[in-house]
Amino acid sequence: MDIEKTIKLHIPSTHGSEKTAMDRVAEVARHMGFPKGRVEDLKTAVAEACINAMEHSHQYDGDTNILVTLTQGESRLEVCVRDKGKGTEAGWKPSSDDRKGREGNARGWGLYLIEELMDEVKFEVTGDGGGLVKMVMHLEKSPD
Amino acid sequence: MSKDLEIAVVVSGDVTIINLDGDLTAVTGQAVENAYTDAVGSGSQKILFQFHENIYVNSGGIAFLIGIAADSRDNGRKVRFSGVSEHFQKIFDMVGLTRYVEIFPTTEAALEGF
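Residues numbered from 1 in each chain as written. Chains lettered and ligands numbered in written order. Predicted model: local features only at pLDDT ≥ 70, side-chain atom pairs only at ≥ 80, totals over all residues. Heavy atoms only, no water.

A. Inspection of the environment of Leu77(A) at higher detail. All names here are of chain A. Positionally, Leu-77 belongs in strand 3 (residues 76-82). Judged by its relative accessible area of 0%, Leu-77 is buried. In this structure the C-alpha to C-alpha distance between Leu-77 and Leu-42, which are 35 residues apart in sequence, comes to 9.7 Å. Setting aside residues up to four positions removed in sequence, Leu-77 forms contacts with Val-25, Val-28, Ala-29, Met-32, Phe-34, Leu-42, Thr-71, Gln-72, Met-135, Val-136 and Met-137. (Helix = DSSP H or I, 4+ residues; strand = E, 2+ residues; numbered from the N terminus. Buried < 20%, exposed > 50% of the residue type's maximum accessible area, 1.4 Å probe, protein only. Contact = heavy atoms within 4.5 Å.)

Structure follows, in structure tokens:
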């Protein structure tokens, strides 16, 4: 039976706060048995999702938190990064150009890395107009 | 929390070595670009970025590295990286940095034949 365990992290939108989420997700992933290379992939993807939410939705307003939810399954780890969509009327969703990455375009590279490094990625707009990035990594797909 | 980036510059023959340790991000990347610009202003055409093994690089920092790589390519300068972890070698490859910058495991290897 796949017993799920959930951890919620409320992280202020300040430069460098993404490292709190990175460290926690790495700890969970290592405990679940993900190999080192996949843990590093996960850390980068989670950091980029947090940075995107803090910068583009919250404009690094330290009084506004992002919510990072880690859900552990038997063979999968799901990480959701949710923002409050401040500054975006209809919530946030990346354009195809954002995702491709462009020379000197940090946001583009961040989204590109998330999609390349994770097994599943979904970008959604929540009911209250915020943004949600849902990322999944499967234990059985780990190559090393 | 975010660490600052420590930058130490050493000149070895005709190579300027820029040591990086800490967090390379959108906040600290400008200092790296400034170190590169200063090296170029001093006449250096060969620049080696030496990464500390525990350095953290995010997309904001990557954007600065891409800018430096593009500038070096456009102006015929040689830029090499050393000490980059296996993970960040993969990331740099994914974003296309390795098309313009050669990566070496050690500083000694990077300086050889530079």
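Alright, that's what it looks like, and here's the rest.
B. Inspection of the interface of chain A and chain B at higher detail. With 21 residues of chain A at the contact, the number on the chain B side is 18 residues. A salt bridge links Lys19(A) to Asp23(B), with the shortest nitrogen-to-oxygen separation between them at 2.9 Å. Linking chain A with chain B are eight residue pairs in polar contact (both at pLDDT 80 or more). Going through the elements one at a time, helix 1 (18-32), helix 2 (36-57) and helix 4 (106-117) of chain A are the ones with two or more residues in the side of chain A that touches chain B. No other element matches helix 4 of chain A, which puts seven residues into the side of chain A that touches chain B. By residue class, the composition of the side of chain A that touches chain B is eight nonpolar, six polar and seven charged. (Salt bridge = Lys/Arg side-chain N within 4 Å of Asp/Glu carboxyl O. Polar contact = N/O pair within 3.5 Å; in protein donor to acceptor, adjacent residues only side chain to side chain. Nonpolar A, V, L, I, M, F, W, Y, C, P; charged D, E, K, R; others polar.)

C. Main features of the pairing of strand 2 (residues 15-24) of chain B. Residue and element names in this part refer to chain B. Most of strand 2 sits inside the fold, with eight of its 10 residues counted as buried. Judged from the eight bridges that link them, strand 1 (residues 5-12) and strand 2 form a sheet pairing that is antiparallel. Note that in strand 2 the partner of Glu-6 across the bridge is Asp-21. Counted along the chain from strand 1 to the antiparallel partner strand 2, the turn is two residues long, and its residue Gly-13 has a positive phi close to 65 degrees. As paired elements, strand 2 and strand 3 (residues 46-51) share six bridges and run parallel to each other. Bridge pairing in strand 3 places Val-15 opposite Lys-46. (Pairing = 2+ DSSP bridges.)

Shape is all these values report; function is a separate question.
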